[in-house]
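# Geometric and topological summary
In case you want the letters, here they are:
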Amino acid sequence: MAVVNPTLRIALVQPNLTVGDLHGNAERVLEGLARAQAVAADLTVFPELTLSGYPPEDLLLKPQFRKDNARTLRQLAPYVPHGMTALIGFVDEDKKGHVYNALAVIAGGVIRGVYHKMCLPNYGVFDERRYFTPGKTVGVLALGELLIALSICEDIWRENGPLDHDRGIAGAQIIVNASASPYHAGKRREREDLLKHRARQHRAAICYVNLVGGQDELIFDGSSQIWSSAGRKLAQVHAFEEDLLVHDLEIRPQANRRAGGSNRSGIRLIRCPKPQNEARPKLGRRKRVPELSRCEEIYKALVLGTRDYVRKNRFKAVCLGLSGGIDSALTAAIAADALGADQVNAVVMPSPFSSKGTMHDAEALAKNLGIGLLRFPIESLMKEYEQSLTSTIGHDYSALARENVQARIRGNLLMALSNSYGWLLLTTGNKSEMATGYCTLYGDMAGGFAVLKDVPKTLVYELSEYRNSVGCVIPRTVLTRAPSAELAKGQKDADSLPPYEVLDPIIKGYVEEDRSYSDLVRAGHRADAVRRTIRLVDGSEYKRRQGPPGVRITPRAFGKDRRIPITNRYAQF
């Protein structure tokens, strides 16, 4: 007769949280516990810093916030159901005032122990060493004879980290990783490769749970999953949406893995009651999670980031300028998909330089999406500016100033609508424009959220094609027309910038990869285009500092990722 190995029923709760909303986040925990109880889970795991949300940033410097967070955890402890052990991320503080990124272990209505994150990331968008003290002790949860190594996000990424070597794994058969791992294109594949490697390396199953949702510029994609000790993915949930992953993990006895083996220096053993494995409901067959294409993944991230920024900041609707160009068309489509067409208000503001084609396309797009459309011609306002400025400064009123006045008139009108109706103004500029300064301060940069801030122009076209493949809403002429700001007669973007297919790879190399002028030229880029692009990028830092936040979808976005001094004379040529 075959021996049936015991199983551990694990529930990974993938919630959408809000930074600072201790009460709301606690409600999410209670909902997750209730769902896990309904399927009789033995172990329920929540993400990193569940109670505070991630990243809490300088809220962590407020003593009252830290106290409120700890009190919220204590209040939750009695709600962990009998027979279940729960792992909940929170902010811990010791008697000496040291603050820790922590994972609480709760069972039987009490906090049985706390694990402190040992590896604190301090690169890119992360500033954890500004706030937290690194933990010194590896955490191991003992459920009877079953050992589970505890880890928080960076702990599993770091080579020679707490899980490496025999000291870290401590004989554990399962590794739990509670994460708040931000998204960028390609990150999900990179993460899966890591989890597969770690599972094989430690011969342990890995249960990885991640946040989902938007927080300012960051997107958390979720993508929680479970891997076998052989490096085979056993289960996963959908990306970019709240979900619950429940899985029966088979526990195979291994002679060399005993609870007593972890009672050594540098190991903290947290003991909880052994799961009873009583009669429990059978799990239904889980639907396969489909793979996402590159454009589908990025589009979902942009939709989620826009929705959460608007909703979490308590805006009920948005507005944007609709020019008939591809950037505003894609922004409008994302906004409609994120919020619903009835919450999106487009504004067309034709000038004498606006073509009939672009105005027709703007109206057609609004009709296709079913969004509201307002019309404000700006020719009379342009004449008022012209008369006022020329009467004062005469011939010094330059052609560039005339172009920018149009953008600023439009920005003023849009902000007036925002103030009047409480709409959040979405800006429509892309990363190529933000990089090179091909945008107008207090004009097309005016607004509260920049949906395409981290999306290069060439990718704007790809995403537009993807959106039309789902349902054709962007007129074909928008995709085929040469890009133009239409601020002067016959104006084209190519008059001021290298072609986007030349420009975008240089921006990627210079901004995202920190490659030098010489590196880029050696890589085959034209020397004149590289020099021109670097000068434009370096000279536009002051503009970017004054722009609104936007969704981060690359490994190096303008904002938290890249902090270049405005006053800066470093030159490469």
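The text that follows walks through the structure, step by step, so that each part is easy to find. On a predicted model such as this, the values are computed, not experimentally measured, just so you know.

### Details of unusual backbone geometry
Geometrically, the link from Tyr-54 to Pro-55 is a cis peptide bond, its omega value of -5° lying close to zero. Unusually for a residue other than glycine, Cys-153 sits at a positive phi of about 40°. Along the chain, Cys-153 turns up in the loop between strand E7 (146-152) and helix H4 (154-157). The exposure class of Cys-153 is buried, given its relative accessible area of 7%. Of note in this structure, Tyr-442 is not a glycine but carries a positive phi near 65°.

### Quick look at the sheet that holds strand E8 (residues 174-179)
Through backbone hydrogen bonds, the strands of a sheet pair up, either in parallel or in antiparallel fashion. Pairing within the open sheet is mixed, and its seven strands lie in the order E13-E12-E9-E8-E7-E6-E15. Each edge of the sheet is formed by a strand with only one pairing partner; in this case those strands are strand E13 (233-236) and strand E15 (267-272). Each adjacent strand pair in this sheet contributes to an overall mean axis angle of 20°, direction not counted. Bridging between strand E6 (residues 138-143) and E15 involves six bridges; their strand directions are parallel. Bridge pairing in E15 places Ala-142 opposite Arg-271.

### Details of the nonpolar core
Residues Leu-463 and Ile-553 are the most contacted members of the largest nonpolar core, which totals 53 residues. Listing elements by their share of this core, those giving two or more residues are helix H7 (294-312), strand E16 (318-321), helix H8 (326-339), strand E17 (344-348), helix H9 (356-369), strand E19 (424-427), helix H13 (457-470) and helix H14 (476-480). Considering each element in turn, this core owes the most residues, 10 residues, to H8. In this structure Ile-553 touches Tyr-183, His-184, Ala-185, Ile-298, Ala-301, Leu-302, Asp-454, Val-455 and Leu-459, once residues within four positions along its chain are discounted. In this structure, Leu-103, Val-105, Met-118 and Trp-227 belong to the second largest nonpolar core, which totals 51 residues.

### Re the packing of H8 against H13
The interhelical angle for the contact between H8 and H13, taken along N-to-C directions, is 50°, at an axis separation of 10 Å. Taken together, the axis directions place H8 and H13 in an arrangement best described as oblique. As H8 runs across H13, the sense of the crossing is left-handed. Packed against H8, whose contacting residues are Ile-326, Asp-327, Leu-330, Ala-333 and Asp-337, the element H13 presents Lys-457, Val-460, Tyr-461, Leu-463, Ser-464 and Arg-467 at the interface. Within the contact of H8 with H13, the residues separate by chemical class into six nonpolar, one polar and four charged.

### Structural notes on the state of the cysteines
A covalent bond between the sulfur atoms of two cysteines is what we call a disulfide. Evaluated as defined, the whole model comprises zero disulfides. Between Cys-153, a free cysteine, and Cys-119, which holds the nearest cysteine sulfur, the sulfur-to-sulfur gap is 11 Å. The structure places no disulfide on Cys-272, whose sulfur is separated from the nearest cysteine sulfur, that of Cys-207, by 16 Å.

Here is what the cut-offs are and how they apply
- Residues numbered from 1 in each chain as written.
- Predicted model: local features only at pLDDT ≥ 70, side-chain atom pairs only at ≥ 80, totals over all residues.
- Heavy atoms only, no water.
- Helix = DSSP H or I, 4+ residues; strand = E, 2+ residues; numbered from the N terminus.
- Buried < 20%, exposed > 50% of the residue type's maximum accessible area, 1.4 Å probe, protein only.
- Pairing = 2+ DSSP bridges.
- Axes fitted to C-alpha atoms, helices over the stretch in contact; angles between N-to-C directions.
- Core = buried A, V, L, I, M, F, W, Y, C linked by side-chain atoms within 4.5 Å.
- Contact = heavy atoms within 4.5 Å.
- Parallel < 35°, antiparallel > 145°, perpendicular 65-115°, else oblique.
- Left-handed = near helix turned anticlockwise from the far one by under 90°.
- Nonpolar A, V, L, I, M, F, W, Y, C, P; charged D, E, K, R; others polar.
- Disulfide = S-S within 2.5 Å.

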